[in-house]
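# Descriptive structure summary
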Amino acid sequence: MEKPKARDPQWREKEPSYKEVVARYPDLPATWILKADLQRRGLYYTEAATRKIDPAIHATNSDVATGFRENRDYVPEGLIWKDGSYLIANFDFDQKQPARDPYTIDVVNDRIVVVDEDEVLEEIEGFWEKPDFYDKKASNGEPLRKYVQARPQRLDISMNHYCHFWDEPGEGCKYCPLSPSYLAAGKKEERYDFRYVKEALTEAVKQKGRFSAIMLTGGSQLSGSELLDDELEGYLALLKIIGEIFDGDRVPTQLISSAFNERQLERLKNETKLLTYTTDIEVLNKEKFEWICPGKARHIGYDEWKRRLFAAVDIFGKGNVSSGVVLGVELAEGKGFTDEDEAFRAVTEEAESIISHGIALAANIWRPAPKSILQNGKAASLDYFVRTYREFDRLQHKYCPNPYTDDFRRCGAHVGLDLMRV
Amino acid sequence: MGNVKISQEIIDAINDPGSIKVLASISRTGELHVVPKGTITVNEEGNIRYYELLEGSQTNKNVTFALWFGRKIAINIITPDRRSYQIKGIPVKSLVAGKEYQKHYERAMELIPDSDLAAVYEIELTDVREESYPVRFAEEARDNPLYIHLDKLAGQA
């Protein structure tokens, strides 16, 4: 595949460059800023870099269950940085007409490097390695990796591959490619049989030193006796399976789900060994949330979502609750902020109201994902992301929530949380 | 970056499990932190390798900080026969996952059963000097002959 070209050839003249942003924030590591920009602009593998991928060693294109993937070429799941952190690099970049030129992953002097405008900016330690269980099969003959996916230190279980906020036209979250990808692929199987999830987990944890956490997530299910009860029952069943595999009262687990109410949260706490709970408020502004996440707004609402987050802290404890944020989508064209300074003020003020309750914010970088409603949009400037992450970090050091299930080594998707390492 | 090579004598001193090894680092706010780290060794390339066994430790934070900004950390080795070496270096790599990491994970458990390896750091050397008192005292007499009390010299003529 040829390297894609930016839609706007003059884009570099319209915003601060990577090097200018590095110079502007000397208190932040340059390699970290580069990681953020890679997530913003995307990346492209040269043939030489692709030849460095060994399918006997590395994890490639294994997130078939989530349906997020846009790039079906032969690329690694992710990169490992020299500081041990990860870069999620496997899906949802615009490979046809990106807003900006992607970075190039190349090989120089036998080392894998990041290149931009013919300049080597950083050496990369390597690609994610696949776990031993990826080469094994479930009792039904299907590969175990179909049921559980692996990051370098985390096992991921995707319970529901479709999100029912998309049931009503126009109610899906505008940045999300999950359900559109599911529908475009003609998939029918929303859930896999949990028996095979158990087989995969049982096999995976035999590998010494490989995994330190399990994450469960999936599309929202609105059905049930009460809103979200069917989703709850699914997670309870999965968590009980996990509870059978591990000793102890609690297992290093993270559930990323819809915003459950107190009754539902109490059941999760009391009936399973779940340790941490995450529900993603996604957009740190009520008005923008209602535009970007209309289904969530109609069924639960911004204020109630936030209230349930706070209630979760009372149930799971301070440090055991976090919330995902799609940082930058508040600036999307349409009804988003039109000024980055205004967005910064609004978002950081709202962030403090959440972080001060002991809730870590796991913010990832919004880039328009193919098949999403906002696919033709343009991500914010690098300066915006760096400035906002820097303020989030100041707040998180002040209020000390623990972001560990979304940190640099368990998750790797939320580059801002890398700063909590020091 | 560092490229200082160390003698076999110092490599042996660092790799000796009987040596006491302490690591000094600085936090993001400039606070000093000095702790014993028995898992410091020299790797095949002549760099310092250290196993961090506590993910939440202040040293883990500080060494990452040094890695990010190319800053130095310092190590002191005290051998069983009371020789002392000070080594300074810059962390260049933190290994937390993969097959190579898993070998170190099992090696750490051989050294300390029930330990849980958090990271393997590689530190390139920038400065090495012996800090044993007889050696430093001789250097002081050579380099700073005025730094001595006269009673030490009286009667020597």
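Residues numbered from 1 in each chain as written. Chains lettered and ligands numbered in written order. Predicted model: local features only at pLDDT ≥ 70, side-chain atom pairs only at ≥ 80, totals over all residues. Heavy atoms only, no water.

## Remarks on unusual backbone geometry
Rule in force here: Every helix listed is a DSSP run of H or I at least four residues long, and every strand listed is a run of E at least two residues long, numbered separately from the N terminus. Only protein chains enter the accessibility calculation, which uses a 1.4 Å probe. A residue is then buried if its area is under 20% of the maximum for its type, exposed if over 50%, and partly exposed in between.
Positive phi, normally seen in glycine, also occurs at Asp-110 of chain A, with a value near 70°. Tracing the chain through its elements places Asp-110 of chain A in the loop between β4 (103-108) and β5 (111-116). For Asp-110 of chain A, a relative accessible area of 59% puts it in the exposed group. Positive phi values are uncommon outside glycine, yet Asp-114 of chain B reaches one of about 75°. Of note, Asp-114 of chain B is situated in the loop between α3 (99-111) and β7 (119-130).

## Some points on the interface of chain A and chain B
To be explicit about the condition: A contact between two residues is defined here by any heavy atoms of the two lying within 4.5 Å. Here the quantity called buried area is the total loss of accessible area, with a 1.4 Å probe, experienced by two parts when brought into contact, counted for both. Between Lys or Arg on one side and Asp or Glu on the other, a salt bridge is scored when a side-chain nitrogen of the former is within 4 Å of a carboxyl oxygen of the latter. Any pair of N or O atoms that falls within 3.5 Å is considered a polar contact. Within protein, one atom must be able to donate a hydrogen and the other to accept it, and sequence-neighbouring residues count only if both atoms are side-chain atoms. Note on residue classes: Ala, Val, Leu, Ile, Met, Phe, Trp, Tyr, Cys and Pro are nonpolar, Asp, Glu, Lys and Arg are charged, and everything else, Gly too, is polar.
Across the boundary between the two partners, chain A contributes 28 residues, which contact 20 residues of chain B. Between chain A and chain B lies a buried interface of about 2100 Å² when both sides are counted; carbon and sulfur atoms form 53% of it. Its largest share of buried area at the contact with chain B, chain A owes to Lys-208, Arg-409 and Val-422 of chain A, together 28% of the area lost on that side. Our count for the chain A to chain B interface comes out at 5 salt bridges. The closest approach of N and O atoms between Arg-410 of chain A and Glu-55 of chain B, which form a salt bridge, is 2.8 Å. The interface formed by chain A and chain B holds 13 residue pairs in polar contact (both at pLDDT 80 or more) in total. Class assignment of the residues belonging to the side of chain A that touches chain B gives a composition of 9 nonpolar, 5 polar and 14 charged.

## Comments concerning the layout of surface pockets
The cut-off we apply is this: As defined here, a cavity is a set of points on a 1 Å grid over the protein atoms alone where a 1.4 Å probe fits but cannot get out. A pocket is an open set with protein on both sides within 12 Å along at least five of seven lines, and residues line them when an atom is within 4 Å of a point. Grid points are joined across faces, edges and corners, and a volume is the space filled by probe spheres set on the points.
A volume near 570 Å³ is recorded for the largest pocket. Residue lining of the largest pocket: 24 residues in total, with Lys-82, Glu-122 and Glu-123 of chain A together with Val-92 and Lys-93 of chain B positioned closest to the centre. Breaking the lining of the largest pocket down by element, the ones donating at least two residues are β5 and β6 (119-123) of chain A together with α2 (58-69), β6 (84-95) and β7 of chain B. When its residues are assigned to classes, the lining of the largest pocket shows 10 nonpolar, 3 polar and 11 charged.

## Here's the deal with empty space enclosed by the protein
Residue and element names in this part refer to chain A. To be explicit about the condition: A domain assignment, automatic or from a database, supplies the domain bounds used here.
Scanning all chains against the criterion turns up 5 cavities of 30 Å³ or more. There is about 170 Å³ of room inside the second largest cavity. Contributing to the lining of the second largest cavity are 17 residues, with Arg-40, Arg-41, Asp-94, Pro-98 and Ala-99 lying nearest its centre. Grouping the constituent residues of the lining of the second largest cavity by class yields 7 nonpolar, 4 polar and 6 charged. Per-domain counts for the lining of the second largest cavity show at least three residues from each of domain 1 (11-127) and domain 2 (135-421).

## A short note on the environment of Lys-296 of chain A
Residues and elements named next belong to chain A. Counting through the fold element by element, Lys-296 comes out in helix α9 (residues 294-299). Between the C-alpha atom of Lys-296 and that of Cys-173, which follows or precedes it by 123 residues, the distance is 7.9 Å. If we ignore the near neighbours within four places in the chain, the residues touching Lys-296 are Phe-165, Cys-173, Tyr-175, Asp-280, Glu-282, Phe-289, Gly-301 and Trp-305.

## Examining the domain arrangement of chain A
Residues and elements named next belong to chain A. Its domain assignment divides chain A into domain 1 (11-127) and domain 2 (135-421). The straight-line distance from the C-alpha centre of domain 1 to that of domain 2 is 23 Å. Between domain 1 and domain 2, the contact holds 35 residues from the first and 43 residues from the second. Roughly 3500 Å² of surface becomes buried between domain 1 and domain 2 when both sides are summed, with 59% attributable to carbon and sulfur atoms. At the junction of domain 1 and domain 2, the tally comes to 4 salt bridges. With a shortest N-O distance of 2.6 Å, Asp-418 and Lys-35 are connected by a salt bridge. Put simply, domain 1 and domain 2 have 11 residue pairs in polar contact (both at pLDDT 80 or more) between them. For the side of domain 1 that touches domain 2, the elements supplying multiple residues, two or more each, are α1 (18-24), α2 (30-41) and β3 (86-88). It is α2 that provides the largest number of residues to the side of domain 1 that touches domain 2, a total of 7 residues. Each residue belonging to the side of domain 1 that touches domain 2 can be placed in one class, and the counts come to 17 nonpolar, 6 polar and 12 charged.

## Here's the deal with the sheet that holds strand β7 (residues 126-127) of chain A
All names here are of chain A. Selection criterion: Only strands joined by at least two bridges in the DSSP assignment are considered to pair.
One open sheet holds the 3 strands; their spatial order is β3-β2-β7, and the pairing between them is antiparallel. Of all the strands in the sheet, the pair left with one neighbour each is β3 and β7. As paired strands, strand β2 (residues 78-80) and β3 are joined by 3 bridges and run antiparallel to one another. Bridge assignment links Ile-80 to a residue of β3, and that residue is Tyr-86.

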